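For reference, the chains in residue letters:
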Amino acid sequence: MKTTRDCEHCTEPMPLTARRHARYCKPACRAAAHRAARTIPAELTSRPRWIRHTARKVPLTVGGSVASSTDPSTWSRHRDAARSTAGAGLGFVLDGDGVVCLDLDHALDEQGVPLPWAQTIVDAAAGTWVETSRSGRGMHVWGVGQLPHGRRIAVGGGGSVELYADGRYIAVTGRTFGDTPRRLVDVQHVIDALL
Ligand SMILES: [Zn+2]
């Protein structure tokens, strides 16, 4: 089930001349995507909880069937998911084992600079890995911590933070934000401050 014909890296439509199973619109996008794949921290790549997803965020198995954030039989190793051409990109499933993701929506301005509320969160979470989202306007702060259930936290200025720890997948781009380190550390103090 190939559901999109967008470049996996820049998300622009693929040129009509692209090979049938091509994943990137141009060599520069392929190179950038491969660089990004190498930046995903081992705390994530070592866990066999990877899926694919369509451009509309429908979760897929590496084979292209519909996957589920609550059915481990539909998840794969990172290596296999990274190799798969199903859908539009990679996703990591949160299953409550302590890996958490703070999803900062509309967090970056058009120049890629964090809005003040987002910068405050990124500063508080210093030491853990942060990536920019597929849209280029959001950020994922990855870390370790505990929370009751995913819950949405509204912030001002049109942005929002959602905290997730289980029963949900996150679209992983591997586009490291700034010089944040390639590791996941305890972000419980950030979670507690937001809740
Ligand atoms: Zn591209």
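Each remark here, short or long, concerns the structure printed above.
Conventions and cut-offs
Residues numbered from 1 in each chain as written. Predicted model: local features only at pLDDT ≥ 70, side-chain atom pairs only at ≥ 80, totals over all residues. Heavy atoms only, no water. Helix = DSSP H or I, 4+ residues; strand = E, 2+ residues; numbered from the N terminus. Rg over C-alpha atoms; globule rule 2.2 N^0.38 Å. Buried < 20%, exposed > 50% of the residue type's maximum accessible area, 1.4 Å probe, protein only. Contact = heavy atoms within 4.5 Å. Areas by Shrake-Rupley, 256 points an atom, 1.4 Å probe, with all protein chains shown as cover. Lys, Arg positive; Asp, Glu negative; His and termini not counted. Charge placed at Lys NZ, Arg CZ, Asp CG, Glu CD. Polar contact = N/O pair within 3.5 Å; in protein donor to acceptor, adjacent residues only side chain to side chain. Salt bridge = Lys/Arg side-chain N within 4 Å of Asp/Glu carboxyl O. Pairing = 2+ DSSP bridges. Core = buried A, V, L, I, M, F, W, Y, C linked by side-chain atoms within 4.5 Å. Donors = N, O, S within 2.8 Å, 3.2 Å for Na, K, Ca; no water. Tetrahedral: all angles 85-135°; square planar, octahedral: opposite > 155°, others 65-115°.

**Q** Explain the overall build of the chain residue by residue, including any values.
**A** On a plain count of helices and strands, the chain comes out with five helices and nine strands. The N-to-C order of helical and strand elements in the chain reads α-α-β-β-α-β-β-α-β-β-β-β-β-α. In summary, the chain has a C-alpha radius of gyration of 16 Å against a globular reference of 16 Å for 195 residues, a match within 12%. Considering only C-alpha atoms, the chain reaches an extent of 50 × 40 × 25 Å along its principal axes. Looking at the 195 residues of the chain, the share that counts as buried comes to 48%. Sequence separation of at least 24 residues holds for 70% of the intrachain contacts in the chain that already meet a minimum separation of 6. Put simply, the chain shows about 9400 Å² of open surface, and 52% of that area lies on carbon and sulfur atoms. Looking at charge distribution, the chain has the averaged site of its 25 positive side-chain charges lying 11 Å from that of its 19 negative ones.

**Q** Residue-level account of the side chain of S84, with values.
**A** Its place among the elements puts S84 in the loop between α3 (78-83) and β3 (89-95). A distance of 2.8 Å separates a polar atom in the side chain of S84 from the backbone oxygen of V62.

**Q** Outline the pattern of salt bridges, listing residues and values.
**A** As enumerated under the stated definition, the model contains seven salt bridges in all. Note that D97 is salt-bridged to R47, the shortest N-O span being 2.7 Å. Of the two residues, D97 sits in the loop between β3 and β4 (99-105) while R47 sits in the loop between α2 (42-45) and β1 (50-53), which places them 50 residues apart along the sequence. Residue class for D97 comes out partly exposed when judged on its relative accessible area of 35%. Taking the shortest distance from any N to any O, the salt bridge between R49 and D97 comes out at 2.9 Å. Separated by 48 residues along the polypeptide, R49 in the loop between α2 and β1 and D97 in the loop between β3 and β4 bring together distant segments of the chain. With relative accessibility at 6%, the residue R49 sits in the buried group. Taken together, the shared-partner salt bridges connect R47, R49, D95 and D97 into one network.

**Q** Pulling in residues and values, what's your account of the sheet that holds β1?
**A** Neighbouring strands of a sheet are bound in pairs by backbone hydrogen bonds; such pairs are parallel or else antiparallel. Spatial strand order, β2-β1-β3-β9: four strands in an open sheet with antiparallel pairing. Edge positions in the sheet fall to β2 (59-60) and β9 (166-172), since each of these pairs with one other strand and no more. In this sheet, β2 lies alongside β1 in antiparallel orientation, the contact comprising two bridges. Within β2, the position partnered with R52 by the bridge is L60.

**Q** Tell me what's going on with the nonpolar core, and back it up with residues and numbers.
**A** Counting residues in each nonpolar core, the largest one holds 23 residues, and the members touching the most others are L102, L104, I121, M139, V161 and L163. Those elements that place two or more of their residues in this core are β4, α4 (116-124), β6 (139-144), β8 (160-164) and α5 (188-194). One finds L90, L94, W129 and Y164 within the second-largest nonpolar core, a separate group that totals 15 residues.

**Q** Please give an account of the coordination of the zinc ion that cites residues and values.
**A** Here the zinc ion is held by the protein donor atoms C7 (SG), C10 (SG), C25 (SG) and C29 (SG), which lie 2.3 Å from it. Because the angles between the four donor atoms bound to the zinc ion fall within 104 to 114°, the donor set is best described as tetrahedral. Mapped onto the sequence, the donors of the zinc ion take the spacing C-x2-C-x14-C-x3-C. Judged by relative accessible area, which is 22%, C25 ranks as partly exposed. Taking relative accessible area as the criterion, C29 reaches 4% and is therefore assigned buried.

**Q** Quick one: what's the story with unusual backbone geometry, residue by residue and with numbers?
**A** Where the residue is not glycine, phi is negative for most of them; where a peptide bond is considered, it is trans in most cases. Look at T11: it is not a glycine, yet its phi comes out positive at around 65°. With respect to the helices, strands and loops of the structure, T11 is situated in the segment before α1 (27-39).

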